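If you want the building blocks of each chain, they are given just below.
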Amino acid sequence: MNQATNMVEERDQNPLPPQPQQQLRALRDYFQPVVNDNYLGIYWQAINANDFELKLVLINMIHQDQYGCLSHEDLNIHLAMFFEVCDTVKMNEVDQGLIRIRLFPFSLRDKARGWLQSLQLGSISIWEELAQKFYPKFFPPLKSSQLKGEIAQFRQLDFKSLYES
């Protein structure tokens, strides 16, 4: 009892240092939307080119083939089309990876977009990091193994064309 009293008195004499202003938010503040914040896990690198701008037509092209992780959607086709559109954009002094990482969020919807928004803020800064996290998440090794097994077990039945099999 005496030791516990000493600990309480010691704590009262040495209060905790004040916390930074960001951490002293009321509970109601967490329920109000924050405007102008990047909710994605992507850290936007500065682009030194003065004329860098993603045109609305380009964003619309990306937007037309969004990936949402549905059973009928093919991730490989989505990525091939995404790269095809991204590779049409060339800007002086702008790395192709920066263009891809800026356009990629526009190519996602539903579960895939939710995954991107669930990443820790600023956890991805280059295209390679995004690709290394995205591809295994939506095309896991188990699915790849299953598809390889189906291909290995394929048999063409008698009296059926290859197309019908």
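Here the structure is shown first, and the text comes after it.
Small disclaimer: the values here were computed from a predicted structure and weren't measured.

What counts, and where the lines are drawn
- Residues numbered from 1 in each chain as written.
- Predicted model: local features only at pLDDT ≥ 70, side-chain atom pairs only at ≥ 80, totals over all residues.
- Heavy atoms only, no water.
- Helix = DSSP H or I, 4+ residues; strand = E, 2+ residues; numbered from the N terminus.
- Buried < 20%, exposed > 50% of the residue type's maximum accessible area, 1.4 Å probe, protein only.
- Contact = heavy atoms within 4.5 Å.
- Axes fitted to C-alpha atoms, helices over the stretch in contact; angles between N-to-C directions.
- Parallel < 35°, antiparallel > 145°, perpendicular 65-115°, else oblique.
- Left-handed = near helix turned anticlockwise from the far one by under 90°.
- Nonpolar A, V, L, I, M, F, W, Y, C, P; charged D, E, K, R; others polar.
- Salt bridge = Lys/Arg side-chain N within 4 Å of Asp/Glu carboxyl O.

What follows concerns the overall build of the protein. In terms of regular secondary structure, the protein is built from 7 helices and 0 strands. Counting the 165 residues in the protein, one finds 26% classified as buried. Across the protein, contacts joining residues at least 24 apart in sequence account for 67% of those joining residues at least 6 apart.

Here Arg-100 shows up in helix 4 (residues 96-103). Since its relative accessible area comes to 18%, Arg-100 is described here as buried. Once residues within four sequence positions are removed from consideration, Arg-100 is found in contact with Phe-82, Phe-83, Cys-86, Asp-87 and Trp-127.

What follows concerns the packing of helix 3 (residues 75-86) against helix 4. The contact between helix 3 and helix 4 brings their axes to 10 Å, and the two run at 125 degrees. The angle between the axes of helix 3 and helix 4 places the two elements in the oblique class. Seen from above, helix 3 lies across helix 4 with right-handed handedness. Contacts between helix 3 and helix 4 involve Phe-82, Phe-83 and Cys-86 on the former and, on the latter, Gln-96, Arg-100 and Leu-103. Classifying every residue of the contact of helix 3 with helix 4 by side-chain character gives 4 nonpolar, 1 polar and 1 charged.

It is worth spelling out the environment of Phe-138 at this point. One can find Phe-138 in helix 6 (residues 127-138). Separated by 27 residues in sequence, Phe-138 and Lys-111 place their C-alpha atoms 9.7 Å apart. Ignoring anything within four residues of it in the chain, the contact list for Phe-138 reads Tyr-67, Cys-69, Leu-75, Lys-111, Ala-112 and Trp-115.

Let us look at the pattern of salt bridges. By the definition in use, this model includes 4 salt bridges. When the shortest N-O distance is used, the salt bridge between Glu-53 and Lys-55 registers 3.6 Å. Judged by relative accessible area, Glu-53 falls into the partly exposed class, the value being 45%. Note that Arg-109 is salt-bridged to Glu-73, the shortest N-O span being 2.5 Å. Taken together, the residues Arg-109 in the loop between helix 4 and helix 5 (110-118) and Glu-73 in the loop between helix 2 (56-63) and helix 3 connect sequence positions 36 residues apart. For Arg-109, a relative accessible area of 22% translates into the label partly exposed. Members of the salt-bridge network, linked through shared partners, are Glu-73, Arg-109 and Asp-110.

Any link to function would need more than the numbers given here.
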